[in-house]
Every structure is written in structure tokens, then in C-alpha cells.
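The primary structure of each chain is shown beneath.
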Amino acid sequence: MSYDVGAVERRRLLGRTKSVTVVGASANPARPSYFVATYLLSSTRYEVNFVNPRLDTLLGRPVYPSLAEVPGELDLVSVFRKHDDLPGVAEEVIDAGARTLWLQLGLWHEPVADRAREAGLDVVMNRCVKIEHARFAGGLHLAGFNTGVISSRRQTAP
């Protein structure tokens, strides 16, 4: 089974997504999860939730101790946790009824991907949800990336 989800599929997933829940969100501005959180809140239409049992609030929003306590339906769950934590996190994501398990850059765990897919989830591994959203929304140039697209029109957001 192929574990590398292509750009067309990633765009489709992001386009249908209504909410993003960041597991392992950090209040440290030097951490990637903080950077992703600020981007999601300021540059996307998604409802954004945070999970970290050691925080109460982040960027003026409540932080939940577990996925089970996040109100509403879970859609895409973006995971910033260490490799050994991923099987347990995947079970929480499955139990919470999410549609997509998204493992951030540097996270690749084939047994976790197999388990999540068997439970009916879409899975993306080793990709940054911020970078992928910005790529499809035409915003990578804001971060100094050359997108390779020459156009006078701003792309529509996924």
C-alpha cells in the first residue's frame, strides 16, 4: 500500500475540511505547532481546536486535555507528538470519530497509518498542514517559498 498521499488528494482533504484539531499544541513560539496554530487561526477558514493536557489556553482559545473533550465533530487531526506516542494518539483519533489523521513533518508510522485506514480514516504522514494549505491557497510566497506558479490571480483557498 502506498503511504505517500499525492498533492491532488491532499488538496481534496484540505478542501473538504471544516475543522483542524492540533494535538500537541505548544505555547512556545519557537515550536512548529505554535507557528502552525497562528497560521491556521489567521489565514484559514477552519475551526481550530488545541489539545495539550498541560495548557489551559493558547492564543486566546481554550486548550483541551484530550480529543474526547473537544466539542463538536472532529474533522482533521494534526499531530505534533513523538513517534512512540503515535499509536495511542491514533486510537484517540479513531475513538473521537475524526475523518483525517495528519502526522506532521518528521512523523512516519506505517502501523499507525494501517490502523487508522482500517478504521476508515484518511491518513497523511510527514507533511505540514500549514505548508500544504499555503501551497494550495497561493500563500507560500508569503513565507519566501517559490511556488513555481506565475499568475496575477490569487488562488482560491482549498
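The rules behind these values
- Residues numbered from 1 in each chain as written.
- Predicted model: local features only at pLDDT ≥ 70, side-chain atom pairs only at ≥ 80, totals over all residues.
- Heavy atoms only, no water.
- Salt bridge = Lys/Arg side-chain N within 4 Å of Asp/Glu carboxyl O.
- Helix = DSSP H or I, 4+ residues; strand = E, 2+ residues; numbered from the N terminus.
- Buried < 20%, exposed > 50% of the residue type's maximum accessible area, 1.4 Å probe, protein only.
- Axes fitted to C-alpha atoms, helices over the stretch in contact; angles between N-to-C directions.
- Parallel < 35°, antiparallel > 145°, perpendicular 65-115°, else oblique.
- Contact = heavy atoms within 4.5 Å.
- Nonpolar A, V, L, I, M, F, W, Y, C, P; charged D, E, K, R; others polar.

A. Layout of the pattern of salt bridges. Under the definition given, this model contains ten salt bridges. We note a salt bridge from arginine 12 to aspartate 122, for which the minimum N-O separation is 3.9 Å. Placement of the pair is arginine 12 in helix α1 (residues 7-16) and aspartate 122 in strand β7 (residues 122-124), with a sequence separation of 110 residues. Judged by its relative accessible area of 40%, arginine 12 falls in the partly exposed class. Of the charged contacts in the structure, one is a salt bridge between arginine 115 and glutamate 91, with a shortest N-O distance of 2.8 Å. Residue arginine 115 is found in helix α4 (residues 110-118), and its partner glutamate 91 is found in helix α3 (residues 86-96); the two are separated by 24 residues along the sequence. Overall, arginine 115 belongs to the partly exposed group, its relative accessible area being 32%. Residue glutamate 91 is classed as partly exposed on the basis of its relative accessible area of 30%. Overlapping salt bridges bring together Glu9, Arg12, Arg16 and Asp122 as one network.

B. Structural detail: the packing of α1 against helix α5 (residues 129-137). Across the interface, α1 lies against α5 with an axial gap of 10 Å and an inter-helix angle of 95 degrees. Classed by the angle they form, the pair α1 and α5 counts as roughly perpendicular. Every residue of α5 that contacts α1 at Ala7, Arg10, Arg11 and Leu14 is listed here: Val129, Glu132, His133 and Phe136. When the residues that make up the contact of α1 with α5 are grouped by side-chain class, the tally is four nonpolar, one polar and three charged.

C. Molecular detail of the environment of alanine 68. Here alanine 68 is to be found in the loop between β4 (61-64) and β5 (76-79). For alanine 68, a relative accessible area of 72% corresponds to the exposed category. Remark: the alpha-carbon pair of alanine 68 and glutamate 92, spanning 24 residues in sequence, is separated by 7.5 Å.

D. Region of the structure containing unusual backbone geometry. Even without glycine at this site, leucine 59 takes up a positive phi of about 55 degrees. For leucine 59, the location among the structural elements is in the loop between β3 (57-58) and β4. A residue is classified by how much of its surface remains accessible, and leucine 59, at 35% relative accessible area, is partly exposed.

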